[in-house]
Amino acid sequence: MTLEKTEMIRYKSTRGTTPPVGFDEAILSGFAADGGLFVPDTIPLFNPAELEEMAQLEYLALAERIIRRFIDPVIMPDHDLRKLLRNSFLYFDAEETVPVVYLNQSDLHVLELFHGPTLSFKDIAMGFLINCMDYFLARRGEKLSLVLATTGDTGPAAAYASAGKKTLECWPLYPKGMISEEQERQMTTLDAANVHPVGVEGCASGGDDLDIIVANLFADPEQKEELKLSSVNSINWCRVMAQTVHYFFAYFRTVDKVGDEIIFSVPTGAFGNLCAGSIARSMGLPVNQFICATNDNGTLHRLFSNGILSRQELKTPVRSAIDIVVPYNFWRFLYLTCGQDPTSVKMYMSLFEEQGMIEFPAALWNKLRQGFISYSISDTETLDTMRSIYRGPDGYLLDPHGAVAVAAAKRYQEETAAELKIVCLATAHPAKFPLVIQQTLEQGEDLPEAALHQTLEQAKNRFHHLRTCHYGNLEQALTRAMKRQLLK
Ligand SMILES: *Cc1c(COP(=O)(O)O)cnc(C)c1O
């Protein structure tokens, strides 16, 4: 008898015009050569018996169980996967990694995704992504430059995860003065010779300006090769994949019995986290509804409530991390929703690039919004929610992003008299946003203990290591510095 040959797990492009690749290639290159996003050729499905069994697992074992189904064992054997996962979550300061807390007062559950080293949910996927990159690069004897535009939490998470890796040079770019001091310090006070934060002055449109520079760098294939460019932004499949795990974990910790349906309320920016949730649902997780909680600049809110995807002018809201104009992962979601048809995704992507707007036909829109409901939460409502939950019997301090999720969940409760359990995703530690928290306090009132974190306090006593540059000169200065760094 011969052993049955297992199918290789391959990744293809949502635009459908590049040949499928392995997991290693998909995550090292970030996006496909045809400009599409990588998606696995099949989404694994867990049956009810498997779910039952997975319910008992701790976070790391659960992550291994889920992620194993997306990475070919030929590329990464079990013991390596286990080791990479263990190292990626070593510095999380909560026993359960992503604990679920119950708020009695509002009958809501809060999934705390902020116990990683840089105190935001970006740590969950970034550590594992960068460890995987390092693993594959070391095996190939290669090196990469990671360049990323950050408006908040991606830069710190990438900087921390890259620090000290011999295979990576990390270049986080941020709009100077437009991210919180805490976030800036998390990047600039690291003592790592391979992390090079750049504070960019004169970014009129914030992070979007920097996205343009990054896109320009990638657009020139020769330059991309010479600078050994790669990206760890939320386009990278590994991030979406790693983020499916916390939906399973929260589900198992919350429901009375496996099989019950649940609702997730997710503070949404580039749609990476929600895209992961929607993939978790395709994998068999019984999710009744995703609440897409957005701020005033709600591109996704318009999509789910009107079927229109359009760009919109930026304001400067309280919550910078969900202040994203074009939700990249939307394309991945569209691809998976419209029957994995690359032709229509390609058509819609081009339409959006040309016209800055798409009005979806009713049939497709109905499919897209199935199991999604969206609420746009104002800054005032966000602050009011933070205040009322903190002052209430639970005395729980939310960060502004978690507060958006809670505010949206409360609206849903009011409108639907929902009986199902609702889990709100808290994506950042309140200590990252002391100035916002200050606004919710009485005059002269001190910041509560829960709004402090020792790593942020310690960072205040360290020197900043950063480069600064004016926006107009950034591209030249950056390419020169990146080349020199690769020669060292
Ligand atoms: C990135 C981020 C978000 C938005 O997540 P997406 O995957 O981009 O939708 C929400 N909250 C915080 C704190 C973040 O850092």
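Reference entry: report on the structure contained in this document. Owing to the predicted nature of the structure, the values given are computational and were not obtained by experimental measurement. Position numbers for residues count from 1 along each chain, tracking the sequence in the order it is written. Per-residue local features are limited, in this predicted model, to residues with pLDDT of at least 70; the limit for side-chain atom pairs, both in listing and counting, is 80 or more; totals at the level of whole chains, interfaces and linings are taken over all residues. Processing note: side-chain calculations cover all non-hydrogen atoms of the structure and skip hydrogens and water entirely.

## Considering the nonpolar core
One recurring pattern in soluble globular proteins: nonpolar side chains tend to sit buried together.
Reasoning step 1: Formed by 108 residues in total, the largest nonpolar core has its most connected members in Phe23, Phe128, Phe248, Phe264, Phe330, Leu334 and Phe360.
Reasoning step 2: With twelve residues, helix α10 (residues 237-254) is the largest single contributor of residues to this core.
Reasoning step 3: Nonpolar cores are built from buried Ala, Val, Leu, Ile, Met, Phe, Trp, Tyr and Cys residues. Side-chain atoms within 4.5 Å join them into one set. When accessible area is computed with a 1.4 Å probe and restricted to protein chains, residues below 20% of their type maximum are described as buried, those above 50% as exposed, and intermediate ones as partly exposed. Ranked by size, the runner-up nonpolar core spans 31 residues in total, among them Leu103, Ala293, Val404 and Ala407. Here a strand is any run of E in DSSP of at least two residues, a helix any run of H or I of at least four, and the numbering for each starts at the N terminus.

## Thoughts on the sheet that holds strand β4 (residues 108-112)
Reasoning step 1: Across the sheet, which stays open at both edges, the six strands sit in the order β3-β4-β14-β9-β10-β13 with mixed pairing between neighbours. At either margin of the open sheet sits one strand with a lone partner, and together these are β3 (100-103) and β13 (372-376). This sheet shows a mean twist of 25° between the axes of neighbouring strands, independent of strand direction.
Reasoning step 2: Whether two residues are in contact is decided by their heavy atoms, any of which lying within 4.5 Å being enough. Lines fitted to C-alpha atoms define the axes, with helix axes restricted to the stretch in contact, and inter-axis angles between N-to-C directions lie between 0 and 180 degrees. Contacting β9 (262-267), β10 (287-294), β13 and β14 (421-426), helix α11 (residues 272-282) runs over the sheet at an angle of about 175° to β10. For two strands to be treated as a pair, DSSP must find at least two bridges joining them.

## Remarks on the sheet that holds strand β6 (residues 168-175)
Reasoning step 1: On the basis of which strands lie adjacent, the open sheet formed by five strands has the order β8-β5-β6-β7-β15 and parallel pairing. The open sheet has two edge strands with one neighbour each: β8 (229-230) and β15 (467-470).
Reasoning step 2: Looking at chain direction, β6 and strand β7 (residues 198-201) are connected through three bridges and run parallel. Residue pairing across strands places Pro175 opposite Val200, the latter belonging to β7.
Reasoning step 3: Packing of helix α20 (residues 474-487) onto the sheet brings it into contact with β5 (144-149), β6, β7, β8 and β15, and relative to β6 it is tilted by some 160°.

## A word on the pairing of β6
In summary, the side chains of a regular strand alternate between the two faces of the sheet.
Reasoning step 1: Within β6, eight of the eight residues are buried, which leaves the element mostly enclosed by the surrounding structure.
Reasoning step 2: The two faces of β6 match: Leu168, Cys170, Pro172 and Tyr174 on one face and Glu169, Trp171, Leu173 and Pro175 on the other face are all buried.
Reasoning step 3: Of the strand pairs in this sheet, β5 and β6 are connected by six bridges, and their pairing is parallel. What sits directly across from Ala149, in β6, is Leu173.
Reasoning step 4: Here, the term right-handed applies to a crossover whose path from the first strand over the helix to the second runs clockwise when the strands point away from the viewer. A crossover connection joins β5 to the parallel β6 through helix α6 (residues 154-162); in handedness this β-α-β unit is right-handed.

## Let's talk about the environment of Leu113
Reasoning step 1: Within the secondary structure, Leu113 sits in the loop between β4 and α5 (122-140).
Reasoning step 2: Taking the C-alpha atoms as reference points, Leu113 and Gly272, separated by 159 residues in sequence, lie 14 Å from one another.
Reasoning step 3: Beyond its immediate chain neighbours, meaning those up to four positions away, Leu113 contacts Val98, Ser120, Phe121, Ile124, His246, Asn273, Leu425, Ala426 and Thr427.

## Quick look at unusual backbone geometry
Peptide bonds are, in most cases, trans, and in most cases residues other than glycine have a negative phi.
Reasoning step 1: Located in the positive-phi region is Phe271, a residue other than glycine, with phi close to 75°.
Reasoning step 2: The phi angle at Gln340 is positive, at roughly 55°, despite the residue not being glycine.
Reasoning step 3: Of the residues examined, Gln340 reaches a relative accessible area of 26% and is grouped as partly exposed.

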